[in-house]
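Each chain, letter by letter, is given below.
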Amino acid sequence: YATIDEALTEYRDANIAGDVTFLLQAETFAENVDLGFLNNTDYHLTIKGSDRENSVIQVSEGGTIQLSQSQINLGADANGGAGIGIDESRNITLENFTLRGSVTAFAGVSAGIYAGDSESISIKSVNFEDENNYSVYSRNSGSISIEDCLFKGTVDEAIFDFLAQS
C-alpha cells in the first residue's frame, strides 16, 4: 500500500477473521492515522514499523474523525487535534516507529495519539518527536499500556492525561 490510509480502508472493507499486522517500511508516511470505530472484535490489529528510527508517521494537516461524544481533528486545527486518533476501538497495538510533528491547539487538546472510549490499546517502542500538549491523551479508555517509548519533544504532560466523565 502506498499509504496507511489505503491499508486501513481495505482492512475496514474486508471481513477479516483473524489477527492482522501492517508492517511500515523504513520511510516517511506524511499522513494522520484514523483508527476510530475500528477492530471491535476479539482479533488484534498491529501497526508496526520495520525500523524504529526510520519508519516515520509525519503529522500532516487536515481531516477529522468523528468520535463517540465529539469530534477530533487530525492534523493542525484551531480546535486541537491528533496525529493518530483512536476512538471506540479495541485490541490495537502501535509499535516500533517514530511519530513526528505537532498539531496546533488553541481551545482544544493537541496530542500525538488520542485514545477515546477504547480498550486494550498498547503503545510500544514509539519515538514521540512532537511539541503537543500531550504525547498520548486518553479519555474514557481502559487498559492502555505504554512501554519503552521515547519522548523527545517539549510537552506540557510528557505521557498522558485521563479525564473521568460522569
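Remember, predicted model here, so these are calculated numbers, not experimental data.

Criteria and thresholds
- Residues numbered from 1 in each chain as written.
- Predicted model: local features only at pLDDT ≥ 70, side-chain atom pairs only at ≥ 80, totals over all residues.
- Heavy atoms only, no water.
- Helix = DSSP H or I, 4+ residues; strand = E, 2+ residues; numbered from the N terminus.
- Buried < 20%, exposed > 50% of the residue type's maximum accessible area, 1.4 Å probe, protein only.
- Polar contact = N/O pair within 3.5 Å; in protein donor to acceptor, adjacent residues only side chain to side chain.
- Contact = heavy atoms within 4.5 Å.
- pLDDT = per-residue confidence, 0-100.
- Salt bridge = Lys/Arg side-chain N within 4 Å of Asp/Glu carboxyl O.

A. Fine view of the environment of Gly83. In this fold, Gly83 is placed in strand 8 (residues 81-87). What makes Gly83 buried here is its relative accessible area of 0%.

B. Region of the structure containing the side chain of Ser55. Take Ser55: it is sitting in the loop between strand 4 (45-49) and strand 5 (56-58). Judged by relative accessible area, Ser55 falls into the buried class, the value being 0%. A polar contact is formed between the side chain of Ser55 and the backbone oxygen of Leu24, at a distance of 3.2 Å. In this view, Ser55 contacts Leu24, Gln25, Ala26, Glu27, Gly49, Ser50, Asn96, Phe97 and Thr98; residues no more than four positions away in its chain are not counted.

C. A look at the confidence of the model for the chain. Summing up the model confidence of the chain, the mean pLDDT is 78 and the portion of residues at 70 or higher is 72%. Across residues 65-69, confidence stays below pLDDT 50; counting only partners more than four residues off in sequence or on other chains, it has 19 contacts. Counting interchain partners and residues more than four positions distant, the pLDDT-below-50 stretch residues 161-166 has 13 contacts.

D. Representation of the pattern of salt bridges within the structure. Inspection of the entire model under this criterion finds 6 salt bridges. Two residues, Asp148 and Arg52, come together in a salt bridge whose shortest N-O distance is 3.2 Å. Of the two residues, Asp148 is situated in the loop between strand 13 (142-147) and strand 14 (150-151) and Arg52 in the loop between strand 4 and strand 5; the sequence distance between them amounts to 96 residues. For Arg100, the salt bridge goes to Glu129, with nearest N and O atoms at 2.7 Å. With Arg100 in strand 9 (residues 90-100) and Glu129 in strand 11 (residues 119-129), this residue pair connects regions lying 29 residues apart in the sequence. Under the relative-accessibility criterion, Arg100 is labelled partly exposed at 27%. In this structure, a network of salt bridges that share partners links the residues Glu53, Arg100, Glu129 and Lys152.

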